[in-house]
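The residues making up each chain are set out below.
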Amino acid sequence: MRLFLDTANIDHIRHGVELGVISGVTTNPSLVSREGKVNYQQLVKEICSIVFPGPVSTEVLSQDAPGMIAEAREIAKWADNIVVKIPANLEGVKATSVLSKENIKVNFTLCFSLNQALLGAAAGATFISPFVGRLDDIGEDGMKVVLDIAQFLCYYQLSTQVIAASIRHPQHCIMAAKAGAHIATVPYRVLLQMIQHPLTDIGVKRFIQDWRTVMGEEKIVPTMKNSTLVRS
Ligand code: G3P
């Protein structure tokens, strides 16, 4: 399962890419608005250059198919790795069918059911984004929808990929991987939480203490500075 960052924050994206584990970004109007009033096109272009060639999803605001198509055609010119997010409704299906035939990549977003995903895939969407957390919020099983979509895409050997979205905590990432999601798009906070384990920190500290008990300040690589040693 690949990992995307679900954010429009440049510093967070730079850090994720620097770690070497982030291969794409998803944004939406709510995430962009968290960055304050920005030049949207400039921001998206910057994100595209940071994660290139990884895909960057950016959403249309129009609510009818002609408007979505017009917006998507313009957005698609901004960078080679742009993916246009189109909502999983009837107008969105119509727009996705047109855009996919023009080789404009679509992320079929705000998807909450297998039926919506079936139509998104039939319309030629590159990605389908079931929103796990928002389904959990209303007492449904968000990850079941991811599992159903992943099985359907696999069974029919379709090239459409499922992105587990609206991820809220590290357990969601584990469940998405087990469900067979191609991608999980995670908030930066969750990315940082994924690596945390107290036994790792305790283990690292103990290894250094044990080494120093016998070897003192001697280094494995003699030219290295003291600053790499954890002080007890
Ligand atoms: O990936 C979609 C995401 O941005 C929505 O997350 O937490 O607002 O449901 P959330």
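Read on for an overview of the structure. (Residues numbered from 1 in each chain as written. Predicted model: local features only at pLDDT ≥ 70, side-chain atom pairs only at ≥ 80, totals over all residues. Heavy atoms only, no water.)

What follows covers the pairing of strand β7 (residues 161-164). Pairing of strand β6 (residues 127-130) with β7 involves 2 bridges; the strand directions are parallel. Within β7, the position partnered with Ile128 by the bridge is Val162. Both β7 and strand β8 (residues 183-186) contribute to a ladder of 2 bridges, which runs parallel. Bridging from a neighbouring strand, Ala164 pairs with Ala184 of β8. Taken together, β7, helix α9 (residues 170-179) and β8 form a β-α-β motif whose crossover is right-handed. (Pairing = 2+ DSSP bridges. Helix = DSSP H or I, 4+ residues; strand = E, 2+ residues; numbered from the N terminus. Right-handed = clockwise from strand over helix to strand, strands pointing away.)

This part takes up the sheet that holds β8. Paired through backbone hydrogen bonds, the strands of a sheet run either parallel or antiparallel to each other. If you trace the 8 strands once around the closed barrel, you get β1-β2-β3-β4-β5-β6-β7-β8, paired in parallel fashion. The mean inter-strand angle of the sheet, taken between neighbouring strand axes irrespective of direction, is 30 degrees. One ladder, built from 4 bridges, connects strand β3 (residues 56-59) with strand β4 (residues 82-87); its direction is parallel. Bridge pairing in β4 links Ser57 to Val83. (Axes fitted to C-alpha atoms, helices over the stretch in contact; angles between N-to-C directions.)

A separate point is the site of the ligand. Around the ligand sit Asp6, Asn28, Leu31, Phe131, Arg134, Ala165, Ser166, Arg168 and Thr185, and that is every residue in its neighbourhood. Asp6 is positioned with one of its side-chain polar atoms (N or O) 2.7 Å from an oxygen atom of the ligand. Side-chain polar atom of Arg168 to an oxygen atom of the ligand: 2.9 Å apart, as the coordinates give it. In isolation the ligand offers 310 Å² of accessible surface; the protein chains occlude 84% of this area. (Near = heavy atom within 4 Å. Polar contact = N/O pair within 3.5 Å; in protein donor to acceptor, adjacent residues only side chain to side chain. Areas by Shrake-Rupley, 256 points an atom, 1.4 Å probe, with all protein chains shown as cover.)

Summed over all chains, the structure comprises 5 aromatic pairs. Ring centres 6.2 Å apart and planes at 80 degrees place the aromatic pair Phe4 and Phe127 in the edge-to-face group. Within this pair, whereas Phe4 is found in strand β1 (residues 2-6), its partner Phe127 is found in strand β6, the two being separated by 123 residues in sequence. You can call Phe4 buried: its relative accessible area is 1%. Given the relative accessible area of 5%, Phe127 is considered buried. Their ring planes at 80 degrees and their centres at 5.8 Å tell us that Tyr40 and Trp78 sit as a pair that is edge-to-face. In this pair, Tyr40 is assigned in helix α3 (residues 40-51) and Trp78 in the loop between α4 (65-75) and β4, connecting sequence segments 38 residues apart. You can call Tyr40 partly exposed: its relative accessible area is 26%. (Phe/Tyr/Trp six-rings, centres within 6.5 Å; stacked < 30°, edge-to-face > 60°. Buried < 20%, exposed > 50% of the residue type's maximum accessible area, 1.4 Å probe, protein only.)

Another aspect to go through is the environment of Arg34. With respect to the helices, strands and loops of the structure, Arg34 is situated in the loop between α2 (29-33) and α3. Between the alpha carbons of Arg34 and Asn9 there is a distance of 8.4 Å; along the sequence they are 25 residues apart.

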